[in-house]
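Residue-level structural notes
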Amino acid sequence: MGLSAAAPLWGPPGLLLTIALHPALSVRPAKAPASPHRDYCVLGAGPAGLQMAYFLQRAGRDYAVFERAPGPGSFFTRYPRHRKLISINKRFTGKANAEFNLRHDWNSLLSHDPQLLFRHYSQAYFPDARDMVRYLGDFADRLGLHVLYNTTITYVTLDKDRQAWNGHYFILTDQTGQAYQCSVLLVATGLSVPNQVNFPGSEYVEGYESVSVDPEDFVGQNVLILGRGNSAFETAENILGVTNFIHMLSRSRVRLSWATHYVGDLRAINNGLLDTYQLKSLDGLLESDLTDLAILKDREGKFHVTLKFFLEENNTNQSADSITLPEDNHDNFALRVAYDRVIRCLGWNFDFTIFNKSLRLNSGNPFDTKYPLIRASYESKGSRGLFILGTASHSVDYRRSAGGFIHGFRYTARAVHRLLEYRHHGVAWPSTELPITQLTSSIIRRVNEASGLYQMFSVLADVVLLKENVTAFEYLEEFPMLMLPQLETLTGRKARHGLFVVNMEYGKNFSGPDKDVFFHDRSVGHTEDAWQSNFLHPVIYYYRQLPTEQEVTFRPAHWPLPRPAAIHHIVEDFLTDWTAPVGHILPLRRFLENCLDTDLRSFYAESCFLFALTRQKLPPFCQQGYLRMQGLASTESLRQHGVESRLLRDYAAMGRHLEDSSQRPGNRGPVGAPPDPGPPVQSLDSNKEEL
């Protein structure tokens with residue numbers, strides 16, 4: 001039945017008006033839901049992303065990790081292609097010190113859980129990549145890290161807002177169109193874009209990311225590999241026993257990690273081709289700029305290498321049957337043979353495609369596409385609040401240290417977190433304040449145990465901030481060295497009375513692809529020659545004030561820091577154990593004392609009592625201990641030990657000598673003459689006695 005036009009639609013008069021005017025029931029345009037906000041957004045759940053997530057979670061911060069794959073460590077599900085990692089898994093060191101053991105554990109992330117050490121996941125010295133995937137999965141699960149899996153961030157841009165921490169928010173959009181708002185963006189996506197060189201015939205080249213890993217596919221073939229890094233040699237090692245020969249072509253000479261001391265260069269585990277090349281077993285290495293070459297395909301499907309110049313000169317189709325080849329004019333041309341396969345192994349670049357240009361992550365230079373532009377603090381040069389972590393941050397120490405690898409960037413991630421804690425939450429950089437008398441022992445402990453100093457040599461350093469009147473010091477661990485001019489603003493600590501910087505360094509002329517690192521007398525053993533040490537050793541810099549930005553920028557070539565007021569090298573040690581009392585500790589203590597113009601030794605209570613009567617300035621140990629009734633308690637055995645070790649005068653014996661002398665007949669001196677002081681005490685004339 002139809003409705004009558006005269007019938008009331010809503011019942012009693014006035015009800016329609018009441019409903020229309022009620023604010024909760026009135027119809028209004030729907031407001032778009034706000035984007036979910038996070039204080040910290042981490043892109044990528046690889047090792048660097050999970051490491052940062054751990055630090056954020058321990059600090060109780062609001063964060064989320066975005067990962068495109070269904071689980072963490074997706075890079076390691078595919079790479080390395082032949083599944084063997086080149087990061088060592090040293091399970092035994094003979095030491096129980098956990099920090100020391102991390103020096104030789106290149107796969108574990110930092111956490112409070114002793115079960116989350118990689119040695120529990122593989123017994124192999126060079127473990128399988130699948131073990132790394134399993135380890136990262138457990139790391140995320142056991143620690144309850146907040147990871148959004150199957151979430152691919154497809155676009156990142158800025159949204160200006162004066163109320164934001166950094167003057168803008170980062171807006172992340174995923175594959176479904178969902179947007180996320182972030183105050184700080186931490187990019188840990190690694191290097192994921194294969195590096196390709198464009199030259200005529202490059203379309204015939206197979207990439208490392210897709211070439212077969214089955215040696216049976218290469219039986220009896222001639223293979224040309226483009227590249228000279230670990231991926232190239234890894235590929236060659238896999239097929240070395242089944243090919244006719246392998247030629248390797250690159251623009252640069254081979255760099256061996258044991259010569260350069262850079263773990264990203266060729267490792268011994270992959271260098272079988274060097275043996276077969278040098279022992280003349282058909283395989284070989286050649287150097288040439290790939291952009292000058294061209295690859296042609298003949299009628300039989302074989303590939304020939306020629307010069308791009310010949311293609312331009314002939315101006316014809318790219319066929320080996322119609323183009324002049326180098327061997328046509330020079331019949332001993334090295335690459336005159338035909339190849340069945342050409343494989344590209346040229347490394348990886350950072351993926352800039354998802355980032356809006358407003359973030360200014362790169363310079364715009366087409367030849368500068370491997371790494372984002374970042375500062376020594378790992379913050380983007382173009383966008384405040386955007387930090388690069390992990391492998392992609394390696395531009396800070398490329399070819400100089402280990403920042404592109406797990407055993408290095410686990411420490412740089414911690415440094416970034418500490419910077420953020422002070423910038424946004426007012427939590428100063430962690431430090432330990434101790435009396436100045438413990439300075440020598442504090443430095444010795446760190447150079448013998450610390451893994452961050454050891455792995456990130458010449459990049460992260462410990463900083464000792466001196467207190468007024470040199471009575472105490474603050475010890476800061478693993479600070480980015482090149483950010484030293486900004487230390488006060490980055491850490492919340494004051495450096496008003498001088499500072500020491502504790503670093504680890506190789507000899508300045510010891511490392512390099514052309515260096516003979518096995519030369520005779522390569523080891524330095526004498527303390528007076530410590531400055532000539534070649535192997536990794538501690539170096540301590542003393543500054544009366546923080547160096548300036550200009551001084552850091554224009555520091556001497558090959559120096560990690562500007563010239564200091566004083567510098568001390570602790571002589572290299574074959575065992576990397578800098579605990580020798582005479583060879584290591586005593587020279588360090590003397591250096592510190594000269595810089596501070598004080599005495600850092602510890603003394604017996606009797607010595608402090610004597611100093612209080614005979615010296616205008618007491619050693620700090622006596623000031624902080626004896627005069628505050630905190631010195632060593634005096635006992636007869638302790639006094640006798642001091643006398644026997646010639647650290648104390650034997651006052652009891654001297655008293656008996658004077659008493660005996662005064663009672664002998666005819667042995668009285670003139671009235672008022674001073675008493676016989678007794679036998680002289682020998683001076684401390686050796687290093688061992690001074691200790």
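Rules used in this analysis
- Counting restarts for each chain, with residues numbered from 1 along the sequence as it is written.
- Where local features are concerned, this predicted model is filtered to residues with pLDDT of at least 70; where side-chain atom pairs are given and counted, the filter is 80 or more; whole-chain, interface and lining totals use all residues.
- Only hydrogens and water are set aside; all other atoms, that is, all heavy atoms of the structure, feed into the side-chain values.
- By the criteria applied, helices consist of DSSP H or I runs no shorter than four residues and strands consist of E runs no shorter than two, each listed in order from the N terminus.
- The rule is simple: take the accessible area with a 1.4 Å probe, protein chains only, and divide by the maximum for that residue type; under 20% is buried, over 50% is exposed, in between is partly exposed.
- Any two residues whose heavy atoms approach within 4.5 Å at even a single point are treated as in contact.
- Comment: axis = line fitted to C-alpha atoms, over the contacting stretch for helices; angle = value between 0 and 180 degrees taken between N-to-C directions.
- Handedness of a crossing is defined here by the sense of rotation of the near helix relative to the far one, left-handed for an anticlockwise turn of less than a right angle and right-handed for a clockwise turn.
- Each residue gets one label: Ala, Val, Leu, Ile, Met, Phe, Trp, Tyr, Cys and Pro are nonpolar, Asp, Glu, Lys and Arg are charged, and the others, such as Gly, are polar.
- Strand pairing is assigned whenever DSSP identifies at least 2 bridges connecting the two strands.
- What the arc covers is the set of directions going from the helix axis to the C-beta atoms.
- Each residue carries a pLDDT value, the predictor's own confidence for that position, ranging from 0 to 100.
- Here a cavity means grid points, on a 1 Å grid over the protein atoms only, where a 1.4 Å probe fits yet cannot get out; a pocket means an open set of points with protein on both sides within 12 Å along at least five of seven lines; lining residues are those with an atom within 4 Å of a point.
- Grid points are joined across faces, edges and corners, and a volume is the space filled by probe spheres set on the points.
- In this scheme, roughly parallel covers angles under 35 degrees and roughly antiparallel covers those over 145, while 65 to 115 is roughly perpendicular and the rest are oblique.

1. So, the overall build of the protein chain
A tally of helices and strands in the protein chain yields 20 helices and 22 strands. Buried positions account for 48% of the 691 residues belonging to the protein chain. Once local pairs closer than 6 in sequence are excluded, the contacts in the protein chain between residues at least 24 apart make up 65%.

2. Examining the environment of Gly452
In this structure, Gly452 sits in helix 12 (residues 451–455). Here the alpha-carbon distance between Gly452 and Gly408, two residues 44 residues apart in the chain, equals 7.2 Å. Sequence-distant contacts of Gly452, defined by excluding residues within four places in its chain, comprise Glu99, Tyr411 and Glu478.

3. A word on the packing of helix 2 (residues 47–58) against helix 10 (residues 406–425)
It is at 9 Å that the axes of helix 2 and helix 10 come closest, and there the two elements cross at 35°. Read as a crossing pair, helix 2 and helix 10 show a hand that is right-handed. Contacts between helix 2 and helix 10 pair Pro47, Ala48, Gln51, Met52, Phe55 and Leu56 from the former with Ile406, Phe409, Arg410, Ala413, Arg414, Val416 and His417 from the latter. Classifying every residue of the contact of helix 2 with helix 10 by side-chain character gives nine nonpolar, two polar and two charged.

4. Here's the deal with the sheet that holds strand 14 (residues 341–344)
The strands making up a sheet are joined through hydrogen bonds of the backbone, oriented either antiparallel or parallel. Pairing in this open sheet of five strands is parallel, and the strands run 8-14-9-10-11 from one edge to the other. This sheet does not close on itself; its edge strands, each paired only once, are strand 8 (206–207) and strand 11 (284–287). As paired strands, strand 9 (residues 222–226) and strand 14 are joined by four bridges and run parallel to one another. Residue pairing for strand 14: Ile225 is matched across the bridge by Ile343. With respect to the sheet, helix 5 (residues 230–239) is in contact with strand 9, strand 10 (245–250), strand 11 and strand 14, its orientation differing from that of strand 10 by roughly 175°.

5. Thoughts on helix 16 (residues 605–614)
Every α-helical turn comprises 3.6 residues, leaving residues that sit three or four positions apart pointing alike. Residues of helix 16 that are buried: Ala605, Ser607, Cys608 and Phe611. Angularly, the buried residues of helix 16 cover 155° about the axis, an arc narrow enough to put them on a single face. Residues Leu613 and Thr614 are exposed on helix 16 and point more than 90 degrees away from its buried face. On its buried face, helix 16 sits against helix 17 (620–624).

6. Notes on the confidence of the model for the protein chain
Here the protein chain shows a mean pLDDT of 86. Residues at 70 or above account for 82%. Predicted confidence is poor over residues 1–32, with pLDDT under 50, and the contacts of this stretch with residues over four places away or in other chains come to six contacts.

7. Some points on the layout of surface pockets
In this structure, the second largest pocket encloses a volume near 1100 Å³. What lines the second largest pocket is a set of 31 residues, and nearest its centre among them are Trp106, His261, Tyr454, Tyr506 and Phe535. When contributions to the lining of the second largest pocket are tallied by element, the ones reaching two or more residues are helix 6 (257–260) and helix 12. Its residues placed into classes, the lining of the second largest pocket shows 17 nonpolar, eight polar and six charged.

8. Side note on the sheet that holds strand 19 (residues 472–480)
Pairing in this open sheet of six strands is antiparallel, and the strands run 17-19-18-20-21-22 from one edge to the other. Edge positions in the open sheet fall to strand 17 (431–435) and strand 22 (566–569), since each of these has one partner strand only. Strand-to-strand twist of the sheet, defined as the mean angle between neighbouring strand axes without regard to direction, takes the value 20°. Relative to strand 21 (residues 537–543), strand 20 (residues 499–505) runs antiparallel, the two sharing seven bridges. Note that in strand 21 the partner of Asn503 across the bridge is Val539. Most of the contacts of helix 10 go to strand 19, to which it runs at about 120°, and overall it touches strand 18 (460–466) and strand 19.

9. Re the packing of helix 2 against helix 4 (residues 129–142)
One way to put it is that helix 2 packs onto helix 4 with a least axis distance of 11 Å and a crossing angle of 20°. Here helix 2 lies roughly parallel to helix 4, going by the angle between them. Helix-helix and strand crossings are classified by hand; for helix 2 and helix 4 the assignment is left-handed. Packed against helix 2, whose contacting residues are Pro47, Leu50 and Tyr54, the element helix 4 presents Leu136, Phe139 and Ala140 at the interface.

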